[in-house]
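Examining the three-dimensional arrangement
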Amino acid sequence: MSASVRTAAQRKARLLLIAELSPVVIVLFVLFGGALVLAVLQSLGFAPWFGVNTFPDFSYFGALWGSSAFWVSLWLTLYYGFVSTIIALIMAIILSLALIKPFRSKTLYKYLYKLPLMIPYTVGIALVVLMLGNGGIMSRLLAFVGMIDNPGQFPQILKTHYGWGIITVYVWKQVPFMTLAIYAVLLGIGRETEEAAAILGANRRQIFFSVTLPQILPGIVSSTLICFAFNVGAFEAPFILGGGYPDTLPVVAWRYFNDANYAFQLQGMATVVSIGIVSGVILFGYLAAYRRYERMRGRA
Amino acid sequence: MTQVQLNAVRKEFGSFVALEHIDLDIQSGELVALLGPSGCGKTTTLRMISGLDNPTNGEILFDGNDVSDVPVRDRNVGMVFQRYALFPHMSVEKNITFGLRVRDIPASEVSERLEEILDIVQLTAFRDRFPAQLSGGQMQRVAIARTLITKPSVLMMDEPLANLDTNLRGEMRRFIRELQQRFNITTIFVTHDQVEAMELSDRVAVLFDGRLEQFDTPDGIYHRPDKTSVAKFMGASNIIDGVVGDGGLKTAFADLSIGDGGAFGAGSQVKAMVRSEAIRLLKEPEAGAQNQLSGTIRTADFFGATVSYVVQVGDYELNVDEHSTEMLEPDTPVYLQLPSDRIWLFPDEKG
Ligand SMILES: Nc1ncnc2c1ncn2[C@@H]1O[C@H](COP(=O)(O)OP(=O)(O)OP(=O)(O)O)[C@@H](O)[C@H]1O
Ligand SMILES: [Mg+2]
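Quick caveat: nothing in here was measured; it's all calculated off a predicted structure.

A separate point is the interface of chain A and chain B. Tallying the contact residues gives 20 residues for chain A and 25 residues for chain B. For the pair chain A and chain B, the summed buried area comes to about 2000 Å², and 63% of that belongs to carbon and sulfur atoms. The largest contributions to the chain A side of the interface with chain B come from E192, I199 and L200 of chain A, which together make up 36% of the buried area. Between the two partners, chain A and chain B, sit two salt bridges. In this structure, the salt-bridge partner of E192 of chain A is R83 of chain B, at a minimum N-O distance of 3.6 Å. Contributions of two or more residues to the side of chain A that touches chain B are made by helix 9 (192–199) and helix 10 (204–233) of chain A. At seven residues, helix 9 of chain A tops the list of elements feeding residues into the side of chain A that touches chain B. Of the residues in the side of chain A that touches chain B, the class split is nine nonpolar, seven polar and four charged.

See below:
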């Protein structure tokens, strides 16, 4: 009797679990997964609604990967994504470490640093144009104090392939996000291990690198993962602030989609799928390396 | 090796006063127990000696030198934290050798000292585990080993033995004592456990509510407490109101003779302590015995080696501890003897 009671309870628990998981599963597999399958099919020549069906047809990928512009675009995409993630990470770590210390008006700072989170990317882009553009506030200011003769001499910061404008926007927006994640982890680990290390004779550098950093790694990994994925796929910032041809891959894809010629839709899909493959491989590798590290440290 | 002095140390957290005024003079090589109820400021005291916190007022001296400007890492102190504070991302081995590795001690010496300490704390089999894979007692031993391996000149331990079983606890006590004597390390350890404080320490500092109530040898704290609060904390259960008379003490239930009134003149209102184990319990009266009272057993509680009786004498109840070789039933009439030299007097604090 008790066995049948247990199975009834188990069945109920299972049903509950399925009910709890279903919203996520539906969004993930039906909407996202379905779209992904369609995108891959289209990039391989399956688009009967445009009157094209040459499936399986690798010529779109062939044309894309065969052009040197694609590789420059890929490089730029990864470069902007990588550099802004690294810069934001370093700033976020410094900020989190500062916020963990007690100081006056800390509450104010804790509120202030989160502001960019609530401001849309587009507004951030506009602010960067206003500040850093030629004829922007910085150029006028420098001209006013006499460091340059006229605003026109202000060095070109935006619309170059160095991407300082893009990086600025990403960093501005993502430092608060990363800080939020890392600060939460820091709060969780507390000060005691750092104090123990100090008593054991470690200096500040040793404490940071061998005690604090390894412990905030979960926060670092999750937040950089999210930011890097976003940076590689984002469109507005490189479109407005980038250096023009060759563009980053999302902008390239957008140009294809926007083309009057329907045939380019499929080329655009191939571009999107390429972005997906590249970022997927990088993120998976990153996560796998981190998992390995955690396992080595006795955590499941 | 190092003499530690606290002069008029006060610690406030915002408007909260954690330590009111502490004067503590710990001799070089001495083992001192900090004893007191939860929240009385024991951890706070250790944190200030280690340099993790600074006193709001007062000074801390090592060998006569003010250490307020000496950073934590240069104080050469050791601290075993109440919650261990092990490095979760390091193996037992790496945790233990941390203090040596950051000081650039040659690898050969590190591994030599590691083997030695692993053996002492019996963790050799667990050297490659991570803290998350250890039991509470094992973590505690890692914390102790990690501190001891650095050979600090002042060793602080915040309830180092709280999570160990009785056997291991005894073993670690002996180990700490032996090591402390071998290296002559000035040691301050926090405990809730009076027995542990008595057994291990040269002197005991009793802390209540951020104040040092008494700093004395275990014997002094136990038998000659300064205040009834200390006596009660040390487990004294028979604290009796009385008035000192001529060579005697007048209490509500009997006139007791006392050795000598000491500092208390005739007529002083006092409180008297008689330890429950100092009272003799007899079934028959003894002729000519001093301070012999008749009473009735109210309750009897068995504690293994001892039995704890509550005996009613007149309107008064006295606690008496006896060996458990014979256990008497409640309602048995008995006779109590209160040896006059075991009656300790305090001034009446209300007066
Ligand atoms: N950082 C802090 N901020 C505010 N109050 C604190 C802080 N640290 C300790 N206190 C307070 O100071 C008092 C003494 O704390 P402490 O940790 O020294 O107690 P303790 O004697 O070690 O107690 P336990 O035996 O429970 O560990 C407590 O009332 C505690 O709440
Ligand atoms: Mg404490």
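It should be kept in mind that the predicted coordinates are not to be read in detail where pLDDT is low. Taken residue by residue, chain B gives an average pLDDT of 89. The fraction at 70 or more is 98%. In the model of chain B, helix 5 (residues 166–183) of chain B stands out as the element of lowest mean pLDDT, 81, in contrast to helix 2 (residues 92–101) of chain B, which has the highest, 96.

This part is about the site of ligand 1. All names here are of chain B. Taken together, the neighbourhood of ligand 1 is formed by 13 residues, with S38, G39, K42, T43 and T44 sitting nearest. T44 is positioned with one of its side-chain polar atoms (N or O) 2.5 Å from an oxygen atom of ligand 1. Contact between ligand 1 and H192: an oxygen atom at 3.3 Å from a side-chain N or O atom of the residue. In isolation ligand 1 has 630 Å² of accessible area, and contact with the protein removes 62% of it. Elements that contribute at least two residues to the shell around ligand 1 include exactly strand 2 (16–26) and helix 1 (42–50). Ranked by the residues each element gives to the shell around ligand 1, the list is headed by helix 1, at three residues. Its residues placed into classes, the shell around ligand 1 shows four nonpolar, seven polar and two charged.

Let us look at the sheet that holds strand 16 (residues 292–302) of chain B. Residue and element names in this part refer to chain B. Read across the open sheet, the five strands follow the order 15-19-16-17-18; overall the sheet is antiparallel. Here the strands that pair on one side only, and so sit at the sheet edges, are strand 15 (280–282) and strand 18 (316–323). Neighbour-to-neighbour, the strand axes of the sheet open up by a mean angle of 45°, direction not taken into account. Where strand 16 and strand 19 (residues 333–337) come together, five bridges link them in antiparallel fashion. Looking across to strand 19, one finds that Q292 is bridged to Q337.

Residues and elements named next belong to chain A. Two elements in contact, helix 10 and helix 13 (residues 263–296), have axes whose closest approach is 10 Å; the angle formed by their N-to-C orientations is 175°. Of the possible angle classes, the one that applies to helix 10 and helix 13 is roughly antiparallel. Contact residues: P214, L217, P218, I220, V221, T224, L225, F228, A229 and V232 in helix 10; I275, S279, I282, L283, Y286, L287, Y290 and Y293 in helix 13. When the residues that make up the contact of helix 10 with helix 13 are grouped by side-chain class, the tally is 16 nonpolar, two polar and no charged.

Our next topic: the side chain of K11 of chain B. Residues and elements named next belong to chain B. Tracing the backbone through its elements, the reader meets K11 in strand 1 (residues 4–13). Despite being buried, K11 has no salt bridge partner; D53 is the closest side chain of opposite charge, sitting 4.8 Å away. Here the side chain of K11 touches N54 through a polar contact of 2.8 Å, landing on its backbone oxygen. Ignoring any residue separated from it by four or fewer positions in sequence, one finds K11 in contact with F16, V17, A18, L19, T44, M48, D53, N54, P55 and T56.

What counts and how
- Residues numbered from 1 in each chain as written.
- Chains lettered and ligands numbered in written order.
- Predicted model: local features only at pLDDT ≥ 70, side-chain atom pairs only at ≥ 80, totals over all residues.
- Heavy atoms only, no water.
- Contact = heavy atoms within 4.5 Å.
- Buried area = accessible area lost by both parts, 1.4 Å probe.
- Salt bridge = Lys/Arg side-chain N within 4 Å of Asp/Glu carboxyl O.
- Helix = DSSP H or I, 4+ residues; strand = E, 2+ residues; numbered from the N terminus.
- Nonpolar A, V, L, I, M, F, W, Y, C, P; charged D, E, K, R; others polar.
- pLDDT = per-residue confidence, 0-100.
- Near = heavy atom within 4 Å.
- Polar contact = N/O pair within 3.5 Å; in protein donor to acceptor, adjacent residues only side chain to side chain.
- Areas by Shrake-Rupley, 256 points an atom, 1.4 Å probe, with all protein chains shown as cover.
- Pairing = 2+ DSSP bridges.
- Axes fitted to C-alpha atoms, helices over the stretch in contact; angles between N-to-C directions.
- Parallel < 35°, antiparallel > 145°, perpendicular 65-115°, else oblique.
- Buried < 20%, exposed > 50% of the residue type's maximum accessible area, 1.4 Å probe, protein only.
- Lys, Arg positive; Asp, Glu negative; His and termini not counted.

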